[in-house]
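Fold and contact review
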Amino acid sequence: MDYKRYRRYFIILDREDAGFDNKPGKNPKGYTKIEIKNGKGVLSYFVQNLKYDENAPYIYRGYLIGTAGNPPIYVDSGSIVIDENGNGELNWRFDPENVDGKGNPIDRFNVIAILAEKREAASQSVTAPLAGFIDKKKVVWKNVLRARPSMEGQEFESNKEEIHQNKQEILLDNKEQSIVEEQSTVEEQIIVEDQSIVEEQSIVEEQSTVEEQHIVEEQSIVEEQSIVEEQSIVEEQSIVEEQSIVEEQSIVEEQSTVEEQHIVEEQSIVEEQHI
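Residues numbered from 1 in each chain as written. Predicted model: local features only at pLDDT ≥ 70, side-chain atom pairs only at ≥ 80, totals over all residues. Heavy atoms only, no water.

Counting its secondary structure elements, the protein contains two helices and nine strands. In sequence order, the protein lays out its α and β elements as β-β-β-β-β-β-β-β-β-α-α. Within the protein, contacts between residues at least 6 apart in sequence are counted, and of these 65% link residues at least 24 apart. Accessible surface, the protein: about 19,300 Å² in total, of which carbon and sulfur atoms supply 49%. (Helix = DSSP H or I, 4+ residues; strand = E, 2+ residues; numbered from the N terminus. Contact = heavy atoms within 4.5 Å. Areas by Shrake-Rupley, 256 points an atom, 1.4 Å probe, with all protein chains shown as cover.)

Structure (structure tokens):
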């Protein structure tokens, strides 16, 4: 598996064990997002409506579990901070080629669970308000966590420090997301402005094209009118010339007729004289 390439997928978290509703009638719900890029991974939990109790005898923790191998595997991804509204987040960074520090890659894990772990008393029971399945195939998984080390007698100062660290990471991630969103907004505005400029240029070019077409059409009309006028003038000149020719021919014919008459008359006179 190439963990350099970007991968992202979401796992829906559904209610597993009852008794952790923050308000009656509202079941806990959430999802987990896994992102892998350039050989680094981030697992993000987002939960809602989880029961909030500042003095609760348990703490919420996220687990990645792999049930297919022998032995099965799991890794604790940390404590989840819940506010008074029952909402919480956790961002956990990991090496996708070695998620648990034992050489197991992320592809060997198929279950994500949020447990309510007791702070003091040792217990082999596994209580999970929420759980989800990476490949969407439900499997039996609680037996994998029953063998985990007991938390009896451990100091919870480390949990407090972990919760504080998670809060700082969430704030940092939120700032980074805000910066990315602002950059995206600026880039979108630039794209919109560029598109507006291109559209305006296109409108101007279309208007110029239309105006040029009108000018060409007007020039064509003027040229056609000029040609028609020239043709009319030529035709009129031809008519005038033809009329002139006809008149000249008529005059010549009349002159010829007169001359012929004169000749005939002269011949008649001569003949009479001879007689």
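Before going further, it helps to spend a moment on the nonpolar core. Counting residues in each nonpolar core, the largest one holds 28 residues, and the members touching the most others are Y60 and L64. Secondary-structure elements contributing two or more residues to this core are β1 (7-15), β2 (29-37), β3 (40-48), β4 (58-66), β5 (73-79), β7 (88-94) and β8 (111-118). Among all residues touching L64, those that are not within four sequence positions of it are L43, I73, Y74, V75, W92, V99, I106, F109, V111, I112 and I134. In terms of nonpolar packing, the next biggest core, distinct from the first, is built from twelve residues, Y63, V111, V126 and W141 among them. (Core = buried A, V, L, I, M, F, W, Y, C linked by side-chain atoms within 4.5 Å. Buried < 20%, exposed > 50% of the residue type's maximum accessible area, 1.4 Å probe, protein only.)

Another aspect to go through is the pattern of salt bridges. For the structure shown, the criterion picks out six salt bridges. Connected through shared salt-bridge partners, R61, D76 and E117 make up one network. (Salt bridge = Lys/Arg side-chain N within 4 Å of Asp/Glu carboxyl O.)

Turning our eyes to something else, we now look at the side chain of N22. Within the secondary structure, N22 sits in the loop between β1 and β2. From its side chain, N22 meets the backbone nitrogen of Y52 in a polar contact 3.1 Å long. Separated by 3.3 Å, the side chain of N22 and the backbone oxygen of N85 make a polar contact. With residues near it in sequence (within four places) discarded, N22 still touches N49, L50, K51, Y52, E84, N85 and G86. (Polar contact = N/O pair within 3.5 Å; in protein donor to acceptor, adjacent residues only side chain to side chain.)

Before going further, it helps to examine the environment of E16. Residue placement: E16 occurs in the loop between β1 and β2. For E16 and L130, which are 114 residues apart along the polypeptide, the C-alpha to C-alpha distance reads 5.1 Å.

What follows covers a negative patch on the surface. A contiguous patch of negative charge on the surface is contributed by D53, E54, D83 and E84. Assignment of secondary structure puts E84 in the loop between β6 (81-82) and β7. (Patch = residues over 30% accessible without salt bridge, like charges linked within 9 Å, V, L, I, M, F, W, Y side chains within 5 Å. Lys, Arg positive; Asp, Glu negative; His and termini not counted. Charge placed at Lys NZ, Arg CZ, Asp CG, Glu CD.)

Attention now goes to the sheet that holds β6. Overall, antiparallel pairing links the nine strands, which are arranged β5-β4-β8-β9-β1-β2-β3-β7-β6 in an open sheet. Sheet topology places β5 and β6 at the edges, where each strand pairs with a single neighbour. In this structure, β3 lies alongside β7, joined through seven bridges in antiparallel fashion. Within β7, the residue paired with S44 across the bridge is N91. (Pairing = 2+ DSSP bridges.)

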